[in-house]
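Now for the letters of each chain:
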Amino acid sequence: MNSFDKSKPFNNLPLLPPKADLETKEILRKTIKASRALAQLNGAIRNLPNPSLFLDTIHLQEAKASSEIENIITTNDDLYRAVLADKKFDNPATKEVINHREAIWLGFRSLEKKPFITTNLCIEIVQCIKKNTAGIRTTPGTTLLNTKGEIIYTPPSGEDVIREKMANLETFIKNNDTIDPLIKMAISHYQFEAIHPFSDGNGRAGRILLLLQLKLEQLLDIPALFLSEYIIKHKNQYYKGLRAVTEKNDWSVFVIYMLDMVEKTAIKGLDRLESIIRLMEVTGAEIKEKLPKVYSKDLVEVIFKLPYTKRKNLIDIGLGTPKTVGNYLIELEEKGFLKSVKVGKEKLYLNHKLMNILET
Ligand SMILES: Nc1ncnc2c1ncn2[C@@H]1O[C@H](COP(=O)(O)OP(=O)(O)OP(=O)(O)O)[C@@H](O)[C@H]1O
Ligand SMILES: [Mg+2]
């Protein structure tokens, strides 16, 4: 029924919505579980006194994992130091991760202004990830290969064809309120990857779009989900699921996979968030007890904003002169709350317990 040939451009990629039953009992059951987990996470985020406090860290963790799928590996240490230190970091992997984080931000800001996911927004996102000006693919020849170098999929070819399919995807995301938003997100993700509008960065852009769709559907206020971590761990299943849709119009494996991803990562996200909040409370109480003159609520917040802190961060929120805040940091290190490292000419202070939570 479907004219798919893995070595020819799939210009017959069917438009959305899919001609398949996506409301089977199995899918609906999984949708309920995933929605429940996600709602719990979002509820916890809404109850935070200052939800934006964790934003930087969360974005960076997601950016790091998403880039790792493409074998862009950086360490947490490099990453957070690069964000904070004035010294220029020449590690290209770290730079790519930082670009990726910027692209997540760009997407969120754009949705706050205009609540639509458009082809142009996708172009902006991929340009931000890649730091180039490339747009939709115009030249033929893009193929997806497996690890042995064999062709497994050839996306549609021709700018007009790609734009037409992107326009259909855009409409599908905007309309179709009868499909559950999580199922819709899974379908859109397949379609975006199958269209493969760019010559590179489609995976990373597609994973950002997942977060944007959750935001658009008001299921998640801030992107506190580490979706990419799940995809790295279950990469083969992910590829298999995509292929089953293309080759057999079999959506269920892929949709279930995506729902499981939402459920598992929401549970883990909530767990991590609770651990960080607990650590923050305990640390705050201990600082108050051991260093009453150093303690303030703002100080505790600033050392939990990112795993690394520097003097300037304390000065910027009005905690004192360079000398005063310098002494605060020294005292915090002496009492074991922070550990200092020298990066170039600067001293950065690591909240190692926070870093430990991020690494589990
Ligand atoms: N058979 C397939 N059909 C459709 N899309 C696929 C298939 N196999 C993989 N993909 C998608 O293509 C992406 C890779 O494309 P591309 O290299 O343009 O993106 P990337 O962001 O550079 O890479 P990565 O996703 O590996 O980080 C994968 O992440 C996946 O989403
Ligand atoms: Mg690539």
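A look at the overall build of the protein
1) Next: When helices and strands are tallied, the protein shows 15 helices and 5 strands.
2) Next: Reported as C-alpha extents along the three principal axes, the dimensions of the protein are approximately 75 × 45 × 40 Å.
3) Next: Looking at the protein residue by residue over its 360 residues, the buried ones come to 38%.
4) Next: Sequence-distant contacts in the protein: of pairs separated by 6 or more residues, those separated by 24 or more amount to 71%.

Focus on the pairing of strand 5 (residues 346-350)
1) Next: Examined bridge by bridge, strand 3 (residues 308-309) and strand 5 share 2 bridges and lie antiparallel to one another. Bridged to Y308 within strand 5 is L350.
2) Next: Of the pairings in the sheet, the one linking strand 4 (residues 339-343) to strand 5 comprises 5 bridges and is antiparallel in character. When the sheet's bridge partners are listed, K339 is paired in strand 5 with L350.
3) Next: Hairpin connection, strand 4 to strand 5: the antiparallel pair is bridged by 2 residues, and G344 has positive phi, about 60°.

Brief notes about the domain arrangement of the protein
1) Next: When cut into domains, the protein gives domain 1 (25-272) and domain 2 (292-359).
2) Next: On a C-alpha basis, the centroid separation for the pair domain 1 and domain 2 is 33 Å.
3) Next: Taken together, the contact pairs 14 residues of domain 1 with 15 residues of domain 2.
4) Next: Counting residues per element, the ones that place at least two in the side of domain 1 that touches domain 2 are helix 2 (55-69) and helix 3 (76-84).
5) Next: Looking at which element gives the most residues to the side of domain 1 that touches domain 2, the answer is helix 3, with 5 residues.
6) Next: Of the residues belonging to the side of domain 1 that touches domain 2, the class tally is 5 nonpolar, 4 polar and 5 charged.

Rules behind the numbers
- Residues numbered from 1 in each chain as written.
- Chains lettered and ligands numbered in written order.
- Predicted model: local features only at pLDDT ≥ 70, side-chain atom pairs only at ≥ 80, totals over all residues.
- Helix = DSSP H or I, 4+ residues; strand = E, 2+ residues; numbered from the N terminus.
- Buried ≥ 20, exposed ≤ 12 C-beta atoms within 10 Å, placed from the backbone.
- Contact = placed C-beta atoms within 7 Å.
- Pairing = 2+ DSSP bridges.
- Domains from an automatic or database assignment.
- Nonpolar A, V, L, I, M, F, W, Y, C, P; charged D, E, K, R; others polar.

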